[in-house]
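Chain by chain, the residues run as shown.
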There are 2 protein chains.
Amino acid sequence: MIKVTVIGSGNVGFHLVNLFYNSKKIHLNEWYSRSIKFDPRVKVINQIQKLAESDIFIICVNDESISEISDNIDFEGKLVVHTSGSTPYEVINKKNRRGVFYPLQTFSKSLDLDYSEIPFCVEAENEDDLKELKNLSEINGCKFYEIGYEERKTLHLAAIISNNFTNFLFGISKELIESKNLNFDILKPLIRETVNKIHKLDPVKAQTGPARRNDNNIIKMHEEMLKNDDIKTLYKTISQMINEKYGN
Amino acid sequence: MIKVTVIGSGNVGFHLVNLFYNSKKIHLNEWYSRSIKFDPRVKVINQIQKLAESDIFIICVNDESISEISDNIDFEGKLVVHTSGSTPYEVINKKNRRGVFYPLQTFSKSLDLDYSEIPFCVEAENEDDLKELKNLSEINGCKFYEIGYEERKTLHLAAIISNNFTNFLFGISKELIESKNLNFDILKPLIRETVNKIHKLDPVKAQTGPARRNDNNIIKMHEEMLKNDDIKTLYKTISQMINEKYGN
């Protein structure tokens, strides 16, 4: 059974602990956290130097702290990976075998997640460790992809655009609708279908709307309706980009 | 049984014909189309002046043509509605009883749709017709909302932002990923979860990402990675808006 230690209790660390705890093939060895004092499922530890020996140490802390955390792991020759989309494995102290175990998903502590819906992007200095990380993904029924640093950075950027930015647009829509005392629920079937479509139709081919069909009356009317200057500018910018790229 | 005539064979007209044809409580009377010559389910007609009498005429043509089409309907005192999100019912010739039957959904001819997932925004000049339009929505298992012109315009604007604009971002993400010879499928679980979240968590509260947490290193790196100046500007603009609104 693979012994795994999770380091960090942010959104990623929190969900990896759930994931590993529920797997019969993984022994969740320890969980390093500075904020959590006790968890009935796993031994919690708050001093990185006192971690017990493990097969894999998974560092789930913010990008800037990965290097220092890895320096303070008091073992050599172990598999130590981080979970960052934008950091090369080289920031990890080279006294250990290094790699990356990047979950391409959005995590919130307050929300359950279907754990089979996490694609893991794996990378490692050597072949055996790469196999081990693939194994770690598969044990949990997750898909894995062997991804190098350049590709991973691009995936992370695409994730920001597809997740953070679209969520921001959903937020704008919600506030617009609520400003007319309507309920955001009215819009949810449309949002669901917008995403259903990407599974059936290339989004590049699915583009519709006033900017696509050069409907300048509608665009002008919408610009006039938007009282917030930043949102108005955003509306103009994206409409213009859609029109330049897709306009009839 | 309500006799319904559908006018227009764009995406909306096409799907309304499917919807009504499959309803046992509606008689799909005629379908006006200039491009379609024959349909086994319904009598197709290409001269608006020759339409047969019907209980409801539903005009599904582009906004600019609604008025002229309504002038050419050779009846008086019938219920005539359009399906536009951005047009008042007053553009319809007042010789008939006027209203709106606006489906807040995205339609593509090539894609099937769960028809219970269409919220209809209904409006009518008089109470009986409003009831009739609500009835028409409910017969099909769809939700309806009684929405006036001002609110409907805002819903349409929010729909553009939540659907067209997010689809545009999905397209950018896809092209970024494919530029590294990776498959867009890797990103789909994240996109699915982005939308699942809006059902459980207010998007305003769910906002995450580098712009939210003031992670300027990542933002700068992403800007450098984006070679297309328009997309770079878009990335900067949205990041700045997220930071101003949500930044820690």
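In what follows, the structure referred to is the one given above.
Below is a short write-up of the structure. Computed from a predicted model, the values in this text were never measured in an experiment. In this convention, every chain numbers its residues from 1, walking through the sequence in written order. All chains are assigned letters beginning with A, and all ligands numbers beginning with 1, in the order in which they are written. Restriction of local features to residues with pLDDT of at least 70 applies here, the model being predicted, together with a cutoff of 80 or more for giving and counting side-chain atom pairs; totals for whole chains, interfaces and linings are based on all residues.

Here's the deal with the relation of the copies chain A and chain B
The least-squares superposition of copies is restricted to C-alpha atoms, and to residues with a pLDDT of at least 70 in both copies. It takes a turn of 180° to lay chain A on chain B, together with a shift of 0.0 Å along the axis; the resulting RMSD is 0.0 Å. Here the symmetry operator amounts to a two-fold rotation axis. Nearest to the rotation axis, the C-alpha of A:Thr166 is located 2.7 Å from it, this being the minimum over chain A. Residues are scored as being in contact if the C-beta atoms we place from backbone atoms lie within 7 Å. By residue overlap, the copies meet face to face through one surface: 100% of the interface positions of chain A are interface positions in chain B.

Looking at the interface of chain A and chain B
Counting residues at the interface gives 71 residues for chain A and 72 residues for chain B. At 25 residues, the largest contribution of residues to the side of chain A that touches chain B is made by helix α4 (residues 149-179) of chain A. Helix numbering and strand numbering both begin at the N terminus, where a helix is a DSSP run of H or I of at least 4 residues and a strand a DSSP run of E of at least 2.

Let's talk about the nonpolar core
Any nonpolar core is a set of buried residues, restricted to Ala, Val, Leu, Ile, Met, Phe, Trp, Tyr and Cys, that join up through C-beta atoms within 7 Å. To assign burial, the other C-beta atoms lying within 10 Å of each residue's own C-beta are counted, with C-beta atoms placed from the backbone; 20 or more indicates buried, 12 or fewer indicates exposed, and intermediate counts indicate partly exposed. By size, the foremost hydrophobic cluster in this structure holds 132 residues, and its most contacted members are A:Ile58, A:Ile59, B:Ile58 and B:Ile59. Apart from residues no more than four positions distant in its own chain, A:Ile58 is found in contact with A:Val4, A:Thr5, A:Val6, A:Ile7, A:Leu16, A:Val81, A:Thr83 and A:Phe101.

Let's talk about the environment of A:Tyr21
By the element assignment, A:Tyr21 lies in helix α1 (residues 11-21). Once the C-alpha coordinates of A:Tyr21 and A:Arg41 are considered, the two residues, 20 residues apart in sequence, prove to be 7.2 Å apart.

Some words on the pairing of strand β2 (residues 26-32) of chain A
Residue and element names in this part refer to chain A. In terms of burial, β2 is a largely internal element, 5 of the 7 residues being buried. Think of it this way: DSSP has to see at least two bridges between two strands before they count as a pair. In this structure, strand β1 (residues 2-7) lies alongside β2, joined through 6 bridges in parallel fashion. When the bridges of β2 are listed, Lys3 appears paired with His27. Each parallel crossover has a hand, and for β1 linked through α1 to β2 it is right-handed. Relative to strand β3 (residues 43-45), β2 runs parallel, the two being bridged by 3 bridges. Bridging from a neighbouring strand, Glu30 pairs with Lys43 of β3. Consider the strands pointing away from the viewer: the crossover is right-handed when the path from the first strand over the helix to the second runs clockwise.

Observations regarding the packing of helix α5 (residues 188-198) of chain A against helix α4 (residues 149-179) of chain B
Throughout, an axis means a line fitted to C-alpha atoms (over the contacting stretch in the case of helices), and angles, computed between N-to-C directions, take values from 0 to 180 degrees. For the pair α5(A) and α4(B), interaxial distance at closest approach is 9 Å and the crossing angle is 20°. Classified by the angle between their axes, α5(A) and α4(B) sit roughly parallel to one another. In this structure, α5(A) crosses over α4(B), and the sense of that crossing is right-handed. Only B:Ala159, B:Ser162, B:Asn163, B:Thr166, B:Asn167 and B:Phe170 of α4(B) make contact with α5(A), whose side of the interface consists of A:Leu190, A:Ile191, A:Thr194 and A:Ile198. To sort the angles, those under 35 degrees are grouped as roughly parallel, those over 145 as roughly antiparallel, those from 65 to 115 as roughly perpendicular, and the leftovers as oblique. For any helix crossing, the convention is left-handed if the near helix is rotated counterclockwise from the far helix by under a right angle, and right-handed if that rotation is clockwise.

Concerning the sheet that holds β2(A)
The strands that make up a sheet pair up through hydrogen bonds in the backbone, lying either parallel or antiparallel. Residue and element names in this part refer to chain A. Strand order in this open sheet of 8 strands is β3-β2-β1-β4-β5-β6-β7-β8, and the pairing throughout is mixed. In the strand order of this sheet, the two ends are held by β3 and β8 (144-146), each with one partner. Each strand of the sheet is rotated relative to its neighbour by a mean of 25°, with strand direction disregarded. Strands β1, β2, β4 (56-59), β5 (79-82), β6 (97-103), β7 (120-124) and β8 of the sheet are contacted by helix α3 (residues 127-139), whose axis makes an angle of about 160° with β7.

Focus on the sheet that holds strand β2 (residues 26-32) of chain B
Residues and elements named next belong to chain B. Taken in spatial order, the 8 strands line up as β3-β2-β1-β4-β5-β6-β7-β8 in an open sheet, and their pairing is mixed. Because the sheet does not close on itself, it has two edges, and the strands there are β3 (43-45) and β8 (144-146). Across the sheet, the mean angle separating the axes of adjacent strands is 25° when strand polarity is ignored. Two strands pair when backbone bridges link them, and strand β5 (residues 79-82) and strand β6 (residues 97-103) are joined in this way by 4 bridges, in the parallel orientation. Among the inter-strand pairings, Leu79 is bridged to a residue of β6, identified as Arg97.

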